[in-house]
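# Structure assessment
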Amino acid sequence: MTTLPTSRIIDGKAFAEGLRRRVAEAAADFLSRSGRAPGLAVVLAGEDPASSVYVRNKAQQTVEAGMASFEHRLPAETGEAELLALVARLNADDAVDGILVQLPLPAHIDAQKVIEAIDPAKDVDGFHPENAGRLMTGLPALVPCTPLGCLMLIKSIEPALAGLEAVVVGRSNIVGKPMAQLLLAESCTVTVAHSKTRDLPAVCRRADILVAAVGRPQMVRGDWVKPGAIVIDVGINRIPAPERGEGKTRLVGDVAYDEAVQHAGAITPVPGGVGPMTIACLLRNTLAAAVARTGVVVDVPSA
Ligand code: GUN
């Protein structure tokens, strides 16, 4: 009988708790040095149930980290001009260090226009073209939260990334592209694969670090994973789970976990892997923005 290699399960929930604790300590330092807490404004337009849950969790964790939370819930019919006017008010408000406009926005609002209206110094999502350009050119930048969280998890397993082969599956502005830039900045050899990539399994098999961010349930199979690779699964997909009863569902990633865990050196589970890192990194970015805007010196956790 062959023994299978044992894979290390990357505990994103525990890592995120530790990160939030470090951010909370630094936020307390910031408060004692500046006389105010770092502040995060979150804007939700419409009643999308998933977005509503995210926004509630963000506000709750912001307060738990000792930061000021400003929540703006607008009706779905809110006009683009009204939303842009709110962003302008938040840009001008000194108590607000970070601004996050929850996506997706209602269809009648041009999301790109809203993203570009946010002061880049307060753009804690890192979606503004100025921050994207700064990341690409190696300048200090606010970096999108999910790929930043992924990099932290990768470096918790392997701090020395130079020269490693990294494959990022997915080319979104929110995850794939900034993830590729972060790994390139760590001197990885980076391939960005996507829906038009030829022989995707063979491309993935080259990866020492494999990041799946495509939004397709369990697309990455076990035999796509190089033995010993670090596998980061960004996907959060809800699929039917009739074994749990009629009409029941469960969450799965973009990686077929039960297969991949047989090959990977380390792998993130879904749930409990990348997911919890996103809000923790949002709090980290809010602290970083507060520090950069004010010059107050506190210890900002980094990847
Ligand atoms: N919707 C889903 N994820 C995100 C995110 O990271 N930022 C924003 N603004 N909206 C989202």
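Given the structure is predicted, the values throughout are model-derived calculations rather than measurements.

Let us look at the side chain of Asp123. Relative to the helices and strands, Asp123 resides in the loop between helix H4 (111-117) and helix H5 (129-137). Despite its burial, Asp123 remains without a salt bridge, the nearest opposite charge being carried by Arg134 at 9.7 Å. Within the structure, Asp123 has its side chain in polar contact with the side chain of Asn131 (distance 2.8 Å). Contact partners of Asp123, with chain neighbours within four places excluded, come to Ile99, Ile118, His128, Asn131 and Leu142.

Here we take up the sheet that holds strand E1 (residues 8-9). Read across the sheet, 6 strands follow the order E1-E11-E8-E7-E5-E6 without closing on themselves; strand pairing throughout is parallel. The open sheet terminates on both sides in strands that have one partner only, identified here as E1 and strand E6 (189-193). Note: E1 against strand E11 (residues 266-267), 2 bridges, orientation parallel. Counterpart to Ile9 in the pairing with E11 is Ile267. In this fold helix H6 (residues 145-157) packs onto E1, strand E7 (209-212), strand E8 (230-233) and E11, with an angle of close to 155° to the strand it touches most, E8. This element, helix H7 (residues 176-185), spans strand E5 (165-169), E6 and E7 of the sheet and lies at about 170° to E5.

Cut-offs applied
- Residues numbered from 1 in each chain as written.
- Predicted model: local features only at pLDDT ≥ 70, side-chain atom pairs only at ≥ 80, totals over all residues.
- Heavy atoms only, no water.
- Helix = DSSP H or I, 4+ residues; strand = E, 2+ residues; numbered from the N terminus.
- Buried < 20%, exposed > 50% of the residue type's maximum accessible area, 1.4 Å probe, protein only.
- Lys, Arg positive; Asp, Glu negative; His and termini not counted.
- Salt bridge = Lys/Arg side-chain N within 4 Å of Asp/Glu carboxyl O.
- Polar contact = N/O pair within 3.5 Å; in protein donor to acceptor, adjacent residues only side chain to side chain.
- Contact = heavy atoms within 4.5 Å.
- Pairing = 2+ DSSP bridges.
- Axes fitted to C-alpha atoms, helices over the stretch in contact; angles between N-to-C directions.

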